[in-house]
Amino acid sequence: MPSSPLLPKMMKAHGVSRRSFLKYCATLTSVMALPPAMAPKIAHALETAPRPSVIWLSFQECTGCTEAITRSSAPSLEELIFDSISLDYHHTLQAASGDAAEHAREEAMKAHHGKYLVIVDGSIPLDEPGYSAIAGISNLDMLKETAAGAAAIVSIGTCAAYGGLPQANPNPTGAVAVSDIITDKPIINVPGCPPIPLVMTAVLAHYLTFGIPELDELGRPKAFFAESIHDRCYRRPFYDKGLFAESFDDEGARAGWCLYKLGCKGPTTKSVCATVKWNDSTSFPIQAGHGCLGCTEPDFWDNGGFYKPLSAPAGNYRRVGQAAVVAGVAAGAGGAYLAKKNKAKALAEHETVDAFTLEKEEGES
Amino acid sequence: MNNPNFDLLMFARGPLFDIALLVFVAGVLIRVVEILILGRKKDFSKAKGQPVQQGIKTIFTRTFPRPGAIKANPITIVGGYVFHIGFFIAFLLFVPHIALIEELTGLSWPGVGRVVIEGATVLAVIAGLALLYTRWKDPVRRKLTTWVDYLVLILSLLPLITGYVAVNKLFGDPTFMMALHVLSVDILMIVFPFTKLMHAFTFAMARYYNGSIQGRKGAES
Amino acid sequence: MNNSSRSGADLVQLKEAVANLPTGNALPILSEVLEALGQLVENGRTTVIDLGAIPFTGGDENLLHEILGTGEVNAVLNAMGESHVQETEIPGVWRVDHYDQTGETQSRFIEIAVIPEILKTQIEDAVRGRELLAERLNDRKGGA
């Protein structure tokens, strides 16, 4: 039954030795920034943890997060972790459909009330329930209903965590994040577009072994979102030396100089992309020659343009600047004209000025 | 869910920067245009020397202190130099700042490395604090100083301090400190046209007038 | 354009050269190793240092290897991809590098220990070993 630990049995079935598992746990400590000596403890905890029931809700999303977590290149222990949960509902992955699928969800909710884990990808539209619904149930209703009996919620991807693309200006559906609706349950945000697969499974592993990880003020596990990409970037020495690529195909870009001027959001983006990397540690956007978009941060679509340097103003500065020049010159000329007129008038009327009036005027300004 | 620190940064970079830019550009232009149009009363006497040449020359010669001035007021003069040079190195040679200026004007030039920028910043802040101290300590200067003068000096130091803290992540959330940095610059830009900070633009005109008056009289300046 | 004349191989080399610039993190790590070695000698305490926890490039690896050298033991594990466990020329200091099935690096450690944990046979595996051996002997007996 779901409450019995499954991992040792599965390891046996897959012909995975405990040594392999220990190796995976060592890698896990590395990515979770835990002391490496913790590896045997994590192994033990994962082996004895009961198998949790998981309900995965997909709302306004692109399925990129599901793709990322289920498509590691080789069969791996990460998959094993993913397999070790009892995924009782995931409308993209499950075989059942329609009423049968919804029935599975309701059954899981009943059987494991108060103990199941809810994973959400996608944001929730508030303007019209009909903008996104599953089996005739609006996203809002399904989230509220399912969250009520959950032990915890994991918001996978920036849409579920912060609103993401659906919430980007002008937010046509009135999309919000899970945490904007559910306030009485622990929520772990795992943002990213998509999040790094290893990060998703590691958070899951952490939940299975030690419960809810330590979170930052944006609800993200500190182990993965404590440091900016900029601080861990291999191009950082070029930033410090003042060497920057000016375009995507100049000498600087070819020599691997810093991409700050090309709009890289590394300095304000917290994630482990620069160390854990993507596609089995092959590379990450900056290594591929493109600046960071800042996809693990709230409102990243609207934060001043992907290709604009972080230091550049984000508003209507060009039009404002032109208007200021015209207005400034006109007002200056007008002021001068008035002053001349006043002077002529004062002269004509023989007004007198003494040192005290001047001092008074000086004091006022 | 929002990141309040980032929202503050976006406000400082966005709408507030627009307002600051409007006040700064329009304010500076109003004052400079007015000064230029008003000009000086025409002097009909025959010039005994070379007013134009002396005027232009004075713009540059007044950059250097007259003999004995350093000895009389070492902190004011040396501190003044260090502050101004340090401020402009940090402002004009730090690449993120150049990126900003390029975005606004299309003009760009190469920057320098972090060691130079941070060295200049630290020296400028120390010099600024020394200037603040002597201004407050010397009874005569203290009497001459209004609260606006203190405010302006402190507002000029804030961008240097907040920038240094934000880039080096000394304390506070780095995004929040960066927002404070941009905010401090916005405020500096807004108060600029209404305070003695205008000297950055009017110094040349003032020196020219002084030099040309002397030049007309046949004196060297 | 200029860049089209540059061959792809050149570009890759350039990128690699940049990614391998030393960060200067090798020496602080080595003094940590020295300290840990003292702990091993005096108290028998094992230390594991995670090289993935700090920026550590190919250039840093070279310096590390130059100073630590290659020692007497060199073991290759075949556990969901290879793992290379090597004693360095400094006895008690081990390099433990985990790779996945495609040969990509998963994690890199320096272990200061008498023998790295991962080399020891796990009791759980030994339990399975006992079953397996018993089974095999049984088969042989049954066959005979």
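Scroll up for the structure.
Residues numbered from 1 in each chain as written. Chains lettered and ligands numbered in written order. Predicted model: local features only at pLDDT ≥ 70, side-chain atom pairs only at ≥ 80, totals over all residues.

Draft legend 1. Seen up close, the overall build of chain C. When its secondary structure is counted, chain C shows five helices and five strands. Taken from N to C terminus, the helices and strands of chain C fall in the order α-α-α-β-α-β-β-β-β-α. A buried classification covers 22% of the 144 residues belonging to chain C. The contacts of chain C with a sequence gap of at least 6 include a subset with a gap of at least 24, amounting to 45%. (Helix = DSSP H or I, 4+ residues; strand = E, 2+ residues; numbered from the N terminus. Buried ≥ 20, exposed ≤ 12 C-beta atoms within 10 Å, placed from the backbone. Contact = placed C-beta atoms within 7 Å.)

Draft legend 2. Structural view of the overall build of chain B. Summing up its helical and strand segments, chain B has 11 helices and zero strands in all. Reading the secondary structure of chain B in the N-to-C direction produces α-α-α-α-α-α-α-α-α-α-α. Oriented by its inertia axes, the alpha-carbon framework of chain B measures out at about 75 × 40 × 35 Å. Out of the 221 residues belonging to chain B, those deemed buried represent 33%. Put simply, of all contacts in chain B between residues at least 6 apart along the chain, 77% involve residues at least 24 apart.

Draft legend 3. Representation of the interface of chain B and chain A in the model. In this assembly, 35 residues from chain B lie in contact with 43 residues from chain A. Counting residues per element, the side of chain B that touches chain A draws most heavily on helix α2 (residues 15–38) of chain B, which supplies 16 residues. Class assignment for the residues of the side of chain B that touches chain A results in 22 nonpolar, seven polar and six charged. (Nonpolar A, V, L, I, M, F, W, Y, C, P; charged D, E, K, R; others polar.)

Draft legend 4. Expanded view of the nonpolar core. With 116 residues, the main nonpolar core has C25(A), V118(A), V120(A), I153(A), V199(A) and V203(A) as its most contacted residues. In terms of residues, this core owes the most to one element, helix α10 (residues 197–210) of chain A, which gives nine residues. Each of domain 1 (7–225) and domain 2 (229–302) of chain A gives at least three residues to this core. Those residues in contact with V120(A), other than ones at most four positions away along the chain, are L57(A), F59(A), L143(A), I153(A), S155(A), I156(A), A160(A) and V178(A). L9(B), F24(B), A166(B) and V185(B) belong to the second largest nonpolar core, which has 30 residues in total. (Core = buried A, V, L, I, M, F, W, Y, C linked by C-beta atoms within 7 Å. Domains from an automatic or database assignment.)

Draft legend 5. Representation of the sheet that holds strand β1 (residues 53–58) of chain A in the model. Residues and elements named next belong to chain A. Across the sheet, five strands lie side by side as β2-β1-β3-β7-β9; this open sheet has parallel pairing. The strands lining the two open edges of the sheet, one partner per strand, are β2 (86–90) and β9 (187–190). Pairwise comparison of adjacent strand axes, ignoring direction, gives a mean angle of 20° for this sheet. Pairing between β1 and strand β3 (residues 116–121): five bridges, direction parallel. Bridge pairing links L57 to V120 in β3. (Pairing = 2+ DSSP bridges. Axes fitted to C-alpha atoms, helices over the stretch in contact; angles between N-to-C directions.)

Draft legend 6. Inspection of the interface of chain A and chain C at higher detail. Counting from both sides, the interface comprises 29 residues of chain A and, opposite them, 31 residues of chain C. Sorting elements by how many residues they give to the side of chain A that touches chain C places helix α2 (residues 18–31) of chain A first, with eight residues. Within the side of chain A that touches chain C, the residues separate by chemical class into 12 nonpolar, 10 polar and seven charged.

Draft legend 7. Molecular detail of the packing of helix α3 (residues 39–48) of chain A against α10(A). Residues and elements named next belong to chain A. Taken N-terminus to C-terminus, the directions of α3 and α10 make an angle of 80°; their axes are 8 Å apart at the nearest point. With respect to α10, the element α3 is oriented roughly perpendicular. For the pair α3 and α10, the contacting residues are I42, A45 and L46 in the first and A205, L208, T209 and F210 in the second. (Parallel < 35°, antiparallel > 145°, perpendicular 65-115°, else oblique.)

Draft legend 8. Representation of helix α7 (residues 114–137) of chain B. Residue and element names in this part refer to chain B. Between its first and last C-alpha atoms α7 spans 34 Å; for 24 residues at 1.5 Å apiece the expected length is 34 Å, and the two agree. Every buried residue of α7 is listed here: I117, A120, T121, A124, V125, A127, G128 and L131. Check the buried side of α7 and you find it contacts α5 (74–93) and α9 (147–168). (Expected span 1.5 Å × (residues − 1).)

Draft legend 9. Main features of the packing of α5(B) against α7(B). Residue and element names in this part refer to chain B. Viewed as axis vectors pointing N to C, α5 and α7 meet at an angle of 145°, and their least axial separation amounts to 7 Å. Once α5 is placed against α7, the crossing between them reads as left-handed. In this structure, α5 contributes I75, T76, G79, G80, V82, F83, G86, F87, I89, A90 and L93 to the contact, and α7 contributes V116, I117, A120, T121, L123, A124, A127, G128, A130, L131 and T134. Within the contact of α5 with α7, the residues separate by chemical class into 15 nonpolar, seven polar and no charged. (Left-handed = near helix turned anticlockwise from the far one by under 90°.)

Draft legend 10. Region of the structure containing the environment of A330(A). Residues and elements named next belong to chain A. Looking at where A330 falls in the secondary structure, it is placed in helix α16 (residues 317–348). Owing to 14 C-beta atoms within 10 Å, A330 belongs among the partly exposed residues under this scheme. Each C-alpha atom, one on A330 and one on P172, is 42 Å from the other, the two residues being 158 residues apart in sequence.

Draft legend 11. Local environment of helix α6 (residues 95–105) of chain B. Along α6(B), the residues classified as buried are V95(B), P96(B), I98(B), A99(B) and L100(B). Within two residues after α6(B), G106(B) carries a phi angle of roughly 85°, on the positive side.

Draft legend 12. Region of the structure containing the sheet that holds strand β2 (residues 74–78) of chain C. All names here are of chain C. The five strands lie next to each other as β1-β5-β4-β3-β2, forming an open sheet whose pairing is antiparallel. The open sheet has two edge strands with one neighbour each: β1 (47–50) and β2. Looking at each pair of strands side by side, their axes are set apart by 20° on average, direction ignored. The pairing of strand β3 (residues 82–87) with strand β4 (residues 93–99) spans five bridges and is antiparallel. Its bridge partner being in β4, V85 is matched across the sheet by V96.

From the geometry alone we can't say anything about function, so treat these as descriptive.
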